Amino acid sequence: MLDNVGLYVHIPFCKQKCIYCAFCSFCTDEKKISQYFQKLKEEIVSHKEEMEGKVVSSIFIGGGTPSYVDAKYISDLLKLIKRTYKVQKNAEISIEGNPDSITLEKAKIWKKCGINRVSVGLQSINDETLKLLNRPHNYNDYLNAISYLKQAGFTNINTDILLGLVNQTEQEIKKTIKELSDLNLTHISAYGLMIEDKTPLKQMVEDGKIVPVTEERAVMLYNTAHKELEKYGYNRYEISNFAKTSYECKHNLNYWNRGEFLGVGLAAYSFLNGTHFENTNNLKEYISKPYKKCCVEPETEKTAQEEFIMLALRLEKGLDINEFNKKFDDDFMKKFEKQIKKLQENNLIKIENNHLIIKNFEVSNMIISEFF
């Protein structure tokens, strides 16, 4: 029997850099984009032997902004992937895009080459907020992009929104979710705005140009979003992810359930055959030198247990205690008896159907840290 594996493809190119973005992404010229895709193809082929005995059950083309590049690059890449690896017939194949660079022509090409899920980065319906974030689009661009995707035949569409933005109100969140629901989207991701190091946002905060929301307000905004999303039929299945029934992102669920995945492209990370490894984040090095894995780390029992706990507790269903015990030949309840007792006494977790479940996702990081 073949093992299922996810495939992540990183496209680091963007029209412009958002002030909060800490991902490996940047603007460049067409020559470097062409060189990058040629190298990406070489890397995909180089992993052929490692992928023997595995079937790709999901593909996620992320970035950066994959919709920014010519759709022919994406089409050619998927053809190569299907020639090189065994890809499941009904594999979920996702691509990320920004509204300003999604056209009807691109959407039709994506659909034709097998992409069946699109994730659109809206972030806010407030045009002034979008300008502040240095987003390359406005709300009308977003509505046009969704229209193009539907015209091309896409029925599985996600939209990303940010919570904790400057001057963001509960009323704005309610309006946002109502309007997205009216578009019949299948999935909405609601991420808390993070102030990451080495970003313009971090510098703006340090300079006093932007005052971040308080932790209490961030919790209030998250709870508002959660309540509104559930009201419109979007079920939370992970801290920041909400889906209509049966539209959960299979690719991301594979991550959170500690499935194997191969990451290709600049700064891509992999977990394959019991080993973690990643690629360089230097574009010049990636393009000019023979492909080589960086930071190869065989998994240990300790790191495997920690990762299992951290990822499982992000999920609405929680941590499967029986699965932990079986996988690690250990006794979870005994091993973490003190932590569990403390968290139960503070009404932060519950044990239900042999699953340990977080009751207050807004303090999930604090809860998860108790186990390390």
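Here the residue index of a chain counts from 1 through its sequence in written order. Local features in this predicted model are restricted to residues of pLDDT 70 or higher, and side-chain atom pairs are both shown and tallied only at a pLDDT of 80 or more, whereas totals for entire chains, interfaces and linings draw on every residue. The basis for the side-chain values is all heavy atoms of the structure; hydrogens and waters are excluded.

Sorry, what's going on with helix 14 (residues 337-345) here?
What sets the pattern is the α-helix's 3.6 residues per turn: residues three or four places apart point alike. For helix 14, the set of buried residues is Gln339, Ile340 and Leu343. Here the buried residues of helix 14 occupy an arc of 95° about the axis, which is enough to place them on one side. Every exposed residue of helix 14 that faces more than 90 degrees away from the buried side is listed here: Glu337, Lys338, Lys341 and Glu345. Immediately downstream of helix 14, the backbone of asparagine 347 shows phi near 60°, a positive value. Throughout this description, buried means an accessible area under 20% of the type-specific maximum (1.4 Å probe, protein chains only), exposed means over 50%, and partly exposed covers the range between. Each helix corresponds to a stretch of at least 4 residues labelled H or I by DSSP, and each strand to a stretch of at least 2 residues labelled E; elements are numbered beginning at the N terminus. Our arc is simply the arc of the directions from the helix axis toward the C-beta atoms.

I tried to follow the packing of aromatic side chains on my own but got confused; where do I start?
Working definition: an aromatic ring pair is given by the centre-to-centre distance plus the angle between the planes. For Phe, Tyr and Trp, rings pair up if their centres lie within 6.5 Å, where Trp contributes its six-membered ring, and each pair is then called stacked (planes under 30 degrees apart), edge-to-face (over 60) or tilted (otherwise). Summed over all chains, the structure comprises 18 aromatic pairs. Relative to phenylalanine 26, the ring of phenylalanine 13 has its centre 5.9 Å away and its plane inclined at 80°; by these criteria the two rings are edge-to-face. Of this pair, phenylalanine 13 sits in the loop between strand 1 (3-11) and helix 1 (30-46) while phenylalanine 26 is found in the loop between strand 1 and helix 1, placing the two residues 13 residues apart along the sequence. Residue classification places phenylalanine 26 among the partly exposed positions, given a relative accessible area of 22%. Each ring, one from phenylalanine 308 and one from phenylalanine 324, has its centre 5.6 Å from the other, and the planes form 65°; the classification is edge-to-face. Note that phenylalanine 308 is positioned in helix 11 (residues 301-312) and phenylalanine 324 in helix 12 (residues 321-328), a separation of 16 residues in sequence. The class of phenylalanine 308 is buried, set by a relative accessible area of 6%. Judged by its relative accessible area of 0%, phenylalanine 324 is buried. These aromatic residues form a ring-pair network of at least three members: Phe13, Phe26, Tyr36, Phe37, Tyr73 and Tyr286. Our definition puts a charge over a ring when NZ of Lys or CZ of Arg is within 6 Å of the ring centre and also within 35 degrees of the ring normal. Taking NZ or CZ as reference, lysine 111 lies 5.2 Å from the ring centre of phenylalanine 154, over its face. Geometry around tyrosine 234 places lysine 244 over its ring, the cationic atom sitting 4.7 Å from the centre.

Any chance you could explain the pairing of strand 9 (residues 260-264) here in plain terms?
One face of the sheet, then the other: side chains in a regular strand alternate in exactly this way. With respect to burial, strand 9 is a largely interior element, five of its five residues being buried. Judged by which residues are buried, strand 9 turns out to be covered on both faces: Glu260, Leu262 and Val264 on one side and Phe261 and Gly263 on the other are all buried. When DSSP finds two or more bridges between a pair of strands, those strands are recorded as paired. For strand 1 and strand 9, the ladder comprises five bridges, and the chain directions are parallel. By the bridge assignment, leucine 7 is partnered in strand 9 with leucine 262.

Would you mind going over the pattern of salt bridges with me for this structure?
Opposite charge on two side chains makes pairing possible when the charged atoms of those side chains draw close. Salt bridges are identified by distance alone: a Lys or Arg side-chain nitrogen within 4 Å of an Asp or Glu carboxyl oxygen. Throughout the structure, instances matching the rule amount to 17 salt bridges. Its salt-bridge partner being glutamate 128, residue lysine 131 comes within 3.7 Å of it at the nearest N-O pair. Taken together, the positions of lysine 131 and glutamate 128, both in helix 4 (residues 127-132) and three residues apart, correspond to about one turn of that helix. Neither residue differs from the other here; lysine 131 and glutamate 128 are each classed as exposed. Here the salt bridges share partners, and the residues they tie into one network are Asp197, Lys202 and Glu206.

What is the right way to look at the side chain of serine 25 in this model?
Turning to its location among the elements, serine 25 is positioned in the loop between strand 1 and helix 1. Residue serine 25 is classed as buried on the basis of its relative accessible area, which comes to 6%. N or O atoms within 3.5 Å of each other form a polar contact, as long as, within protein, one can give a hydrogen and the other can take it, and as long as residues adjacent in sequence are counted only when both atoms are side-chain atoms. A polar side-chain atom of serine 25 sits 2.8 Å from a polar atom in the side chain of lysine 17. Contacts were defined at the residue level, with two residues in contact if any of their heavy atoms lie within 4.5 Å. Beyond its immediate stretch of four places on either side in the chain, serine 25 contacts Pro12, Cys14, Lys17 and Gly64.

I keep staring at the side chain of lysine 106 and nothing clicks. Help me out?
Take lysine 106: it is sitting in helix 3 (residues 104-112). Under this rule, positive means Lys or Arg and negative means Asp or Glu; His and the chain ends count for nothing. This buried residue, lysine 106, is left without a salt bridge; aspartate 70 holds the nearest opposite charge, at 7.3 Å. Setting aside chain neighbours within four positions, we find lysine 106 in contact with Ser67, Tyr68, Val69, Ala71 and Ser101.

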